[in-house]
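# Results of the structural survey
One-letter residues, chain by chain:
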Amino acid sequence: MLPTTVKHRYTGEQITFVERTKDYTIIEVTLPANGDGPPLHKHDRYEENFEVISGQLTVTVNKKTTILKPGDAALVRLKQAHRFTNAHPEPVTFRVTLTPRCDFETSVRIHYGLMDDNLTDDKGNPKNFTHLAIILYFQNTWIAGIPISIQRFIAKRILAKAEKNGTLKELEKYYKV
């Protein structure tokens, strides 16, 4: 059985997979004090609703930055450029509801599994570009400022090659029981 909670080896970020239904995925994230989140990015297949449980979370959506406190929430709609970070001296814990359901858990398990197997650099970035493309594709995470259609086109080609050469099959060990 796969663990419910995984921890980023380098940043200390912790993700707990709370609930996954046919309609949505809920995760709980803890970022350590002064912990950085992902760079500015977009999703075009699911929305994210961030709700702070404890601490303070800085969320930027379309160039507007807001500091969320316990009980506060922020909705990130499809294709909105966003990022989150903990720019505060205490940890922050928050829940994210991803609607509709997506392969976020699969992507995180692959990413963190690669870290555990020393297949990332000292910041946790996959050393193999194919692995990075697979993670981003499953996560439906696209770099802000580059058209999603171009990124998806490239990712699909890499994914097809990874399926053909067995790379995709090799990554199953991280997310299949």
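I will try to describe carefully the structure that is included in this document. (Residues numbered from 1 in each chain as written. Predicted model: local features only at pLDDT ≥ 70, side-chain atom pairs only at ≥ 80, totals over all residues. Heavy atoms only, no water.)

In this structure, Lys42 sits in strand β4 (residues 41-42). Looking at Lys42, the relative accessible area reads 24%, which means it is partly exposed. Lys42 sits 36 residues away from Leu78 along the chain, and the two C-alpha atoms are 7.4 Å apart. Those residues within four positions of Lys42 in sequence are excluded, and the remaining contacts are Lys79, Gln80, Ala81, His82, Asn140, Thr141, Trp142 and Ile148. (Helix = DSSP H or I, 4+ residues; strand = E, 2+ residues; numbered from the N terminus. Buried < 20%, exposed > 50% of the residue type's maximum accessible area, 1.4 Å probe, protein only. Contact = heavy atoms within 4.5 Å.)

This part takes up the layout of surface pockets. If you add up the space inside the largest pocket, you get close to 830 Å³. If you go around the largest pocket, you meet 37 residues; those closest to its centre are Gly37, Pro38, Pro39, His111 and Gln139. For the lining of the largest pocket, the secondary-structure elements that each account for two or more residues are β3 (25-31), β5 (47-54), β10 (92-99), α1 (104-116), α2 (129-139) and β11 (142-143). Per-class residue counts for the lining of the largest pocket are 23 nonpolar, nine polar and five charged. Of the volumes computed, that of the second largest pocket is approximately 220 Å³. In this structure, the second largest pocket is lined by 14 residues; those nearest its centre are Phe129, Leu136, Ile143, Gln151 and Ile154. (1 Å grid on protein atoms, 1.4 Å probe; cavity = no way out; pocket = protein on both sides within 12 Å on 5 of 7 lines; lining within 4 Å. Points joined across faces, edges and corners; volume = space filled by probe spheres on them. Nonpolar A, V, L, I, M, F, W, Y, C, P; charged D, E, K, R; others polar.)

On to the packing of aromatic side chains. By the definition in use, this model includes five aromatic pairs. On the numbers, 6.5 Å between centres and 50° between planes, the contact of Tyr137 with Phe138 is tilted. Of the two residues, Tyr137 and Phe138, both sit in the buried class. Ring centres of Tyr137 and Trp142 lie 6.4 Å apart, and the angle between their planes is 75°; this geometry places the pair in the edge-to-face category. Taking relative accessible area as the criterion, Trp142 reaches 2% and is therefore assigned buried. Taken together, the ring pairs in this structure connect Phe50, Phe84 and Phe94 into an aromatic cluster. (Phe/Tyr/Trp six-rings, centres within 6.5 Å; stacked < 30°, edge-to-face > 60°.)

Coordinates in, geometry out; function isn't part of it.
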